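Here are the chains, one letter per residue:
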Amino acid sequence: MALREIVLYGQPVLRRKAEAVVTIDDSVRELAKDMIETMFTADGIGLAAPQVGVSLAVCVVNNGLIEDEAEPNAYINPVIYEETGSCTIEEGCLSIPDLQEDVTRAEFVRIKYQDIDGVEQDEICAGMLARVLQHEIDHLNGVLFIDRISGIRRKLLEKRLKQIASQT
Ligand code: NI
C-alpha cells in the first residue's frame, strides 16, 4: 500500500466525470487500498478516486467513523437510484481544506455498486453513510459540495477558493 497525494480544488481532474471501471483487476484493488490508507492518514471519512488524480468511478468510506469497528469499504461504479427525505448537515472535503458549509441532501439513498471482489451490491443507506456516499458519488460526476450551496454563500467563499486553487 502507498499513500497518494490528495489533489486540491482547482485541479481539472476534480471537474471531470470519472470513467466506469470495466475490470476490477489488481490495479483497481491497489488503488482502493491506497485510497483507504490515504483517507485514514488525512482523517477523512470518505475519498473519491479523482481526489487522488485518478478519473475512475471508485470511492472509499471510513465506516469505522460511522459505526464502531466497521471495516472501511470500497465502492466501485456506485450509482444512486433512489433517494428520499432531506436533511442539512455541515460538510467539508479533503480537496477543499479548512472550509465547511451546510449542505442539504437526501436523507436515505439506495445505491448499486460493485465491491472489491466484483460482486454486485444493492444497499439502502441512511444517516452519515448516506451523506458521505452522496458527497463521494458527486465527486465521481465532477461535482463538489460548494456547488450545492447558495450563490450568496459561494460568493463569500470565492477568495478562499482562489487561495486554495493558487496552491496547486
Ligand atoms: Ni470531498
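That block above? That's the structure.
What comes next concerns the included structure.

1. Here's the deal with the layout of surface pockets
Looking at the largest pocket, its volume works out to about 320 Å³. For the lining of the largest pocket, the secondary structure elements donating two or more residues are strand 4 (87–93) and helix 2 (127–140). Of all the elements, helix 2 adds the most residues to the lining of the largest pocket, at six residues. Of the residues in the lining of the largest pocket, the class split is six nonpolar, seven polar and five charged. Space inside the second largest pocket adds up to approximately 170 Å³. Lining the second largest pocket, in full, are K17, A18, E19, A20, A57, N77, P78, V79, I80, I137, L140 and N141. Elements with a contribution of two residues or more to the lining of the second largest pocket: strand 3 (73–84) and helix 2. By residue number, the principal contributor to the lining of the second largest pocket is strand 3, which donates four residues. Residue composition of the lining of the second largest pocket, grouped by class: eight nonpolar, two polar and two charged.

2. Structural notes on helix 1 (residues 26–41)
With 16 residues, helix 1 should reach 22 Å at 1.5 Å per residue; the first-to-last C-alpha distance of 22 Å fits that figure. Listing the buried residues of helix 1 in full gives V28, L31, A32, D34, M35, I36, T38 and M39. The secondary structure elements touched by the buried residues of helix 1 are strand 1 (46–48), strand 2 (58–61) and strand 3. Just downstream of helix 1 lies D43, where phi reads positive at about 60°.

3. A short note on the environment of I24
On the secondary structure map, I24 appears in the segment before helix 1. Taking relative accessible area as the criterion, I24 reaches 15% and is therefore assigned buried. Sequence-wise, I24 and Q167 are 143 residues apart; in three dimensions their C-alpha atoms are separated by 34 Å. When neighbours within four sequence positions are excluded, I24 is seen to be in contact with R29, I76, Q114, D115, I116 and G118.

Analysis parameters
Residues numbered from 1 in each chain as written. Predicted model: local features only at pLDDT ≥ 70, side-chain atom pairs only at ≥ 80, totals over all residues. Heavy atoms only, no water. 1 Å grid on protein atoms, 1.4 Å probe; cavity = no way out; pocket = protein on both sides within 12 Å on 5 of 7 lines; lining within 4 Å. Points joined across faces, edges and corners; volume = space filled by probe spheres on them. Helix = DSSP H or I, 4+ residues; strand = E, 2+ residues; numbered from the N terminus. Nonpolar A, V, L, I, M, F, W, Y, C, P; charged D, E, K, R; others polar. Expected span 1.5 Å × (residues − 1). Buried < 20%, exposed > 50% of the residue type's maximum accessible area, 1.4 Å probe, protein only. Contact = heavy atoms within 4.5 Å.

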